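Take a look at the letters that make up each chain.
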Amino acid sequence: MRYHDRARQRAESIAAARAAEELGYPVIWLSGGPLPGLQTITDLVDATTAIKFVSGILAVVKYSPADVGTTYAALEASAPGRFTVGLGGAHGAKPIATLNAYLDELDVPVDRRVLAALGPKMLKLAAERSAGAYPFLTRAAYSAEARKVLGPDKLLAVSHLVVLESDAERARAIARDTISFFTTIPGYASSLKRQGFSESDLSTLPDHMVDALAAWGSPADIKAKLTEHLDAGADHVAVNVITGVTGPQPIEQWRALAPALLR
């Protein structure tokens, strides 16, 4: 990435973080895939005043335990309590062993780290070795099962796709485009099958599957869908707004959703 591209992306990220804080959102979950690097987390914390950040998630195959621990320690010293380490991305042959080995080396307190968890074994690991779980692409029924595995005292934060669009065909098309990518990743495909979706569902993405995995419609419609996770046992729902286009963060959508979601 060229310097001016990095500078523009940094400025856009800071503007988005400040906008989210001004709107009253309590936490920003930073997607690990698009994250340029750990320095971005520091930049965003430094550019805001009180909003909290969670890496959702840092792939353990990309970031070393030493680098993550150093970033956490520096932010804990300068902005205590504002950064929690979210980890995952162990999609290889032995994901549990990979994460266990990583956590053995990671110098971050157990209560300040969470794990992406798409199945019962990973949920159990999250309960044992972190503050809780951060699943993505799950229906509300998964939150109920996850709560049983985690127990009553662990955090269950769910990331759910949101499309602020009331036209059903367009909303589902936007959601379907995003979901289709994840159905090609073995860990997500297995998770979706455990949730009751068939092999045919994964290849065709029928309306009932899209509607279970993405909230769309008006702000009130979206709030009602996200509340299903809370009613099922989740503590927190991360609103993952998608628009069908690449570009700047969806600040206008955050603004439109805020009155419904934050009251």
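Procedures and definitions
- Residues numbered from 1 in each chain as written.
- Predicted model: local features only at pLDDT ≥ 70, side-chain atom pairs only at ≥ 80, totals over all residues.
- Heavy atoms only, no water.
- Axes fitted to C-alpha atoms, helices over the stretch in contact; angles between N-to-C directions.
- Helix = DSSP H or I, 4+ residues; strand = E, 2+ residues; numbered from the N terminus.
- Parallel < 35°, antiparallel > 145°, perpendicular 65-115°, else oblique.
- Contact = heavy atoms within 4.5 Å.
- Nonpolar A, V, L, I, M, F, W, Y, C, P; charged D, E, K, R; others polar.
- Buried < 20%, exposed > 50% of the residue type's maximum accessible area, 1.4 Å probe, protein only.
- Pairing = 2+ DSSP bridges.
- Right-handed = clockwise from strand over helix to strand, strands pointing away.
- Core = buried A, V, L, I, M, F, W, Y, C linked by side-chain atoms within 4.5 Å.
- Salt bridge = Lys/Arg side-chain N within 4 Å of Asp/Glu carboxyl O.
- Arc of directions from axis to C-beta.

A few words on the packing of helix α2 (residues 38–47) against helix α3 (residues 65–78). At their nearest, the axes of α2 and α3 sit 10 Å apart, and the two run at 10° to each other. It follows from the interaxial angle that α2 and α3 lie roughly parallel. Along the contact surface, α2 presents Leu-38, Ile-41, Thr-42 and Val-45, while α3 presents Asp-67, Val-68, Thr-71 and Leu-75. Within the contact of α2 with α3, the residues separate by chemical class into 5 nonpolar, 2 polar and 1 charged.

Moving on to the environment of Asp-153. Within the fold, Asp-153 resides in the loop between α6 (140–150) and β7 (155–163). When its relative accessible area of 75% is taken as the criterion, Asp-153 is described as exposed. Once the C-alpha coordinates of Asp-153 and Gly-132 are considered, the two residues, 21 residues apart in sequence, prove to be 8.7 Å apart.

When you tally the buried positions in β7, you get 8 out of 9 residues, the bulk of the element. Alignment of strand β6 (residues 132–133) against β7, held across 2 bridges, turns out to be parallel. Considered in β7, the bridge of Gly-132 is made with Leu-155. In this fold, β6 hands off to α6, which returns the chain to β7; that crossover is right-handed. Here β7 runs beside strand β9 (residues 236–241); their pairing, made up of 6 bridges, is parallel. Counterpart to Val-158 in the pairing with β9 is Val-237. In the sheet, β7 pairs with strand β8 (residues 214–216) via 3 bridges, with the strands oriented parallel. In the sheet register, Leu-161 faces β8, and the bridge partner there is Ala-214.

In this section: the nonpolar core. Among the nonpolar cores identified, the biggest contains 54 residues, and Ile-41, Phe-53, Val-68 and Leu-87 are the most heavily contacted of them. When neighbours within four sequence positions are excluded, Leu-87 is seen to be in contact with Ser-55, Ile-57, Leu-58, Val-60, Tyr-102, Leu-103, Leu-106, Val-114, Leu-115 and Ala-116. Core analysis: the second largest hydrophobic core is formed by 23 residues, Leu-161, Val-163, Ile-174 and Ala-175 among them.

For the rest of this paragraph, the subject is the pattern of salt bridges. This model, assessed by the stated rule, comprises 14 salt bridges. One salt bridge connects Arg-172 with Asp-207, and the closest N-O pair in it is separated by 3.4 Å. Note that Arg-172 is positioned in helix α7 (residues 168–182) and Asp-207 in helix α10 (residues 207–213), a separation of 35 residues in sequence. Asp-207 sits in the partly exposed class, given a relative accessible area of 37%. The shortest N-O distance in the salt bridge between Glu-228 and Lys-225 comes to 3.6 Å. One end of the pair is Glu-228 and the other is Lys-225, both in helix α11 (residues 219–232) and 3 residues apart, which spans about a single turn. In this structure, a network of salt bridges that share partners links the residues Arg-172, Arg-176, Asp-207 and Asp-211.

Moving on to the environment of Ile-222. Tracing the backbone through its elements, the reader meets Ile-222 in helix α11. Note on Ile-222: relative accessible area 0%, which makes it buried. For the pair Ile-222 and Arg-82, spaced 140 residues apart in sequence, the C-alpha to C-alpha distance is 27 Å.

Here the focus is helix α8 (residues 186–194). Residues of α8 that are buried: Tyr-188, Ala-189, Ser-191 and Leu-192. Taken around the axis of α8, the buried residues stretch over an arc of 160°, which confines them to a single face. Contact partners of the buried residues in α8: α7, α9 (199–204) and α10. Gly-196 occupies a position one or two residues after α8 and carries a positive phi of about 105°.

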